[in-house]
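# Analysis of the macromolecular model
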Amino acid sequence: MSNNKLVRVRFAPSPTGDLHVGNIRTALFDWAYARHTGGKLVFRIEDTDKDRVTDEYIQAAIETLKWLGLNWDEGPEVGGEFGPYLQSQRLDIYSTWAQKFLDQGDAYHCYCSSEELEERRQLQMKNNKAPGYDGKCRDLSNTQIDQYKDGGRKPVVRMRMPQGETVFNDLIRGEVKFDHEFVPDFVLARADGSPLYTLAVAVDDVLMKITHVLRGEDLLSSTPRQIRVYQAMGVNPEEYPLFAHLPFVMGQDNTKLSKRNGEVSIAWYREQGYLPEAICNYLALLGWSPGDDKENITMEELVQLFTVERVNSSPARFDMKKLEAINGDKIRALTLEKFLEWSLPFLLKSGVISGTSDEISVVKSALPIIQERIVTLAEIPAMLNFLFMKNFIVAPDELSKIKDDSSQQVLKVALAKVAPLDSWNHANIESTLRVALIEELGLKPRIAFSALRIAVTGSHISPPLFESLELLGKERSIERINAVISK
Ligand code: GLU
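Remember, predicted model here, so these are calculated numbers, not experimental data.

Conventions adopted
- Residues numbered from 1 in each chain as written.
- Predicted model: local features only at pLDDT ≥ 70, side-chain atom pairs only at ≥ 80, totals over all residues.
- Heavy atoms only, no water.
- Core = buried A, V, L, I, M, F, W, Y, C linked by side-chain atoms within 4.5 Å.
- Buried < 20%, exposed > 50% of the residue type's maximum accessible area, 1.4 Å probe, protein only.
- Helix = DSSP H or I, 4+ residues; strand = E, 2+ residues; numbered from the N terminus.
- Patch = residues over 30% accessible without salt bridge, like charges linked within 9 Å, V, L, I, M, F, W, Y side chains within 5 Å.
- Areas by Shrake-Rupley, 256 points an atom, 1.4 Å probe, with all protein chains shown as cover.
- Salt bridge = Lys/Arg side-chain N within 4 Å of Asp/Glu carboxyl O.
- Lys, Arg positive; Asp, Glu negative; His and termini not counted.
- Charge placed at Lys NZ, Arg CZ, Asp CG, Glu CD.
- UniProt positions renumbered as here; feature names shortened; annotations may be inferred.
- Near = heavy atom within 4 Å.
- Polar contact = N/O pair within 3.5 Å; in protein donor to acceptor, adjacent residues only side chain to side chain.
- Nonpolar A, V, L, I, M, F, W, Y, C, P; charged D, E, K, R; others polar.
- Phe/Tyr/Trp six-rings, centres within 6.5 Å; stacked < 30°, edge-to-face > 60°.
- Expected span 1.5 Å × (residues − 1).
- Arc of directions from axis to C-beta.
- Contact = heavy atoms within 4.5 Å.
- Pairing = 2+ DSSP bridges.
- Right-handed = clockwise from strand over helix to strand, strands pointing away.
- Axes fitted to C-alpha atoms, helices over the stretch in contact; angles between N-to-C directions.

## Re the nonpolar core
Among the nonpolar cores identified, the biggest contains 108 residues, and L28, L283, F306, F318, L384 and L433 are the most heavily contacted of them. If one sorts the elements of this core by residue count, helix α1 (residues 21–37) sits on top with 9 residues. The next biggest cluster of nonpolar side chains, apart from the first, holds 35 residues, and it includes A107, M159, A202 and V213.

Shown next as structure tokens:
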């Protein structure tokens, strides 16, 4: 294929649920490749299996891509000259091609029932033969066809796979060869006329002028069948799309990442407060690397640096800890305005604030003190709740930690020392308490301050103590310390 041809890549999910980590890694690489080359990204929904792909899942897929910032040039909502981009709206196109293949003799009607196929498959296995269609209906006589028809059988359309092999150059794996002995004649359309994946995907890639197919390794074995469809369509081999099969994403335990061994739904990461740029940054590292040890990259850098040559063929391992670290970095890199924007939905949803402008300005002054500490946005409500609680009480499990004599002494001394402070700022509070508790009482900081932390925030885990006291204000701080000093 000539190099000056405009690159056209496609992301073609079959949304049978929330898009998962593997789908999005593919979408991201498709997007990055299109943007890097100045080409086009086509977003096509493969929804011919209407039992499994629902409109809700399709909408959710569209929304997820938008949220991640992976924009497309052609597809749902934006249209394009090669639409429609939902396969369910292209059924006539597929049946026209299936008919053409029948007319050309590339395909044939197959009348075998599923029971017969299964019976023969069992036999093949018993005789140590590769299971697959045995060609029984390849060359039926008219009499045999009439008999089947009279018996009320409805045929499927099956592609004739010639003897020989399919060889293609995978951009990631190099030369890949499939002996047709292991690629039996395959079904293009069901008895009711509905197309199967191989027919629809290949026809669409040709008609949508796709130049590069970047997709998961799980689809590698379907490639010779797709190439067979291109042949039957009369496409010049020079014009076949180029394939790049992305490596599997494995779970921590080295088995394929799935619901079983990890969280795979992107919706889940979103709910947990992972930023889209962190998810994209992390997923970009699953099978690709920017070249040096650098792991924190921006979307602009990804576009600039992304090449298929840098994609690895060996499986990538999903590492939650690394994703968390990247998310923390991305949170720290947010401006205060952006951080506020991301935080508010979490605070509102959890009911910590109702959204008044007073509350929002408190949130804004509190965010800088937690920005360094959190890994996900979902941690924010619990961190800031103490600032908004109307009837503050310390829960019994936390209260039990400060019932002992030394905690009570800390609280009493602290109270006595901070009560006279005129200027209530964290620096002042800190130096006063350090002198009183560390120097004069000789306590270890962790012991001295954890009692106070529980007393004023209700939890032994909180934002930095002195800043928290400042934000809470003198009156409320004193009130809370007083309330936990036993009479
Ligand atoms: N629709 C297929 C799937 O979600 C992918 C098609 C392709 O990329 O070739 O598994």
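Okay, back to it.
## Digging into a negative patch on the surface
Together, E165, E175, D179 and E181 make up a region of like negative charge exposed at the surface. Residue position: E165 is located in strand β5 (residues 165–170).

## Things to note about the UniProt feature "domain: Aminoacyl-tRNA synthetase class I anticodon-binding" (unreviewed entry) in the chain
Cross-referencing UniProt, the feature "domain: Aminoacyl-tRNA synthetase class I anticodon-binding" (unreviewed entry) maps to residues 341–485 in the present numbering. End C-alpha to end C-alpha, residues 341–485 measures 38 Å, and it is 65% helix and 0% strand.

## Considerations on the site of the ligand
Near the ligand you find R10, A12, P13, S14, E46, Y197, V201, R215 and L219, and these make up its full shell. At 2.7 Å, a backbone N or O of A12 approaches a nitrogen atom of the ligand. Contacts to the ligand include Y197, whose side-chain N or O atom sits 2.8 Å from an oxygen atom. For the shell around the ligand, a count of residues per class yields 5 nonpolar, 1 polar and 3 charged.

## Description of the packing of aromatic side chains
Evaluated as defined, the whole model comprises 15 aromatic pairs. Between F168 and F178 the ring centres are 6.4 Å apart and the planes differ by 10°, which places this aromatic pair in the stacked class. Of this pair, F168 sits in strand β5 while F178 sits in strand β6 (residues 174–179), and the two are 10 residues apart along the sequence. With a centroid separation of 6.2 Å and 55° between ring planes, the pair formed by Y269 and F318 is classed as tilted. Highlighted residues: Y269 in helix α8 (residues 266–271) and F318 in the loop between β11 (316–317) and α11 (320–332), separated in sequence by 49 residues. On the basis of relative accessible area, F318 is assigned to the buried category, the value being 5%.

## Observations concerning helix α3 (residues 91–104)
For α3, built from 14 residues, the straight-helix expectation of 20 Å at 1.5 Å per residue is met to within 8% by its first-to-last C-alpha distance of 20 Å. Turning to α3, its buried residues number three or more, namely Y94, W97, A98, F101 and L102. Down the axis of α3, the sector holding all buried residues measures 145°, keeping them to one side. In α3, the exposed residues that point more than 90 degrees away from the buried face are D92, T96 and D103. Elements that come into contact with the buried residues of α3 comprise β3 (107–110), β4 (156–159), β7 (186–189), α6 (197–207) and α7 (223–233).

## Observations regarding the environment of A436
With respect to the element layout, A436 can be found in helix α17 (residues 426–440). Ignoring anything within four residues of it in the chain, the contact list for A436 reads V413, K417 and L441.

## Quick look at α7
Most of α7 is tucked away: 9 of the 11 residues are buried. Listed as buried for α7 are T223, P224, Q226, I227, R228, V229, Y230, A232 and M233. Following α7 by one or two positions, G234 has its phi on the positive side, about 80°.

## Observations concerning the pairing of strand β8 (residues 212–216)
Residues in a regular strand point their side chains to alternate faces of the sheet. Burial analysis of β8 places 5 of its 5 residues in the buried class, which makes it a mostly covered element. Of the strand pairs in this sheet, β8 and strand β9 (residues 242–246) are connected by 5 bridges, and their pairing is parallel. In the strand pairing of β9, R215 is matched with H245. In this view, the connection linking β8 to its parallel neighbour β9 by way of α7 has right-handed handedness.

## Let's talk about unusual backbone geometry
Omega for the peptide link from G83 to P84 comes to 0°, which places this bond in the cis form. Along the chain, P84 falls in the loop between α2 (55–68) and α3. Unusually for a residue other than glycine, N128 sits at a positive phi of about 55°. Along the polypeptide, N128 turns up in the loop between α4 (114–126) and α5 (142–150). Here the phi dihedral of N254 falls at roughly 70°; this positive angle occurs in a residue that is not glycine. Structurally, N254 can be placed in the loop between β10 (249–250) and α8.

## Brief notes about the sheet that holds β3
Strand order in the open sheet formed by 3 strands is β3-β4-β7, and the pairing between neighbours is antiparallel. What marks the edges here is a single partner per strand, and that holds for β3 and β7. Strand-to-strand twist of the sheet, defined as the mean angle between neighbouring strand axes without regard to direction, takes the value 45°. Here β3 pairs with β4 via 4 bridges, running antiparallel. Among the inter-strand pairings, A107 is bridged to a residue of β4, identified as M159. Lying on the sheet, α3 is in contact with β3, β4 and β7; it crosses β3 at an angle near 100°.

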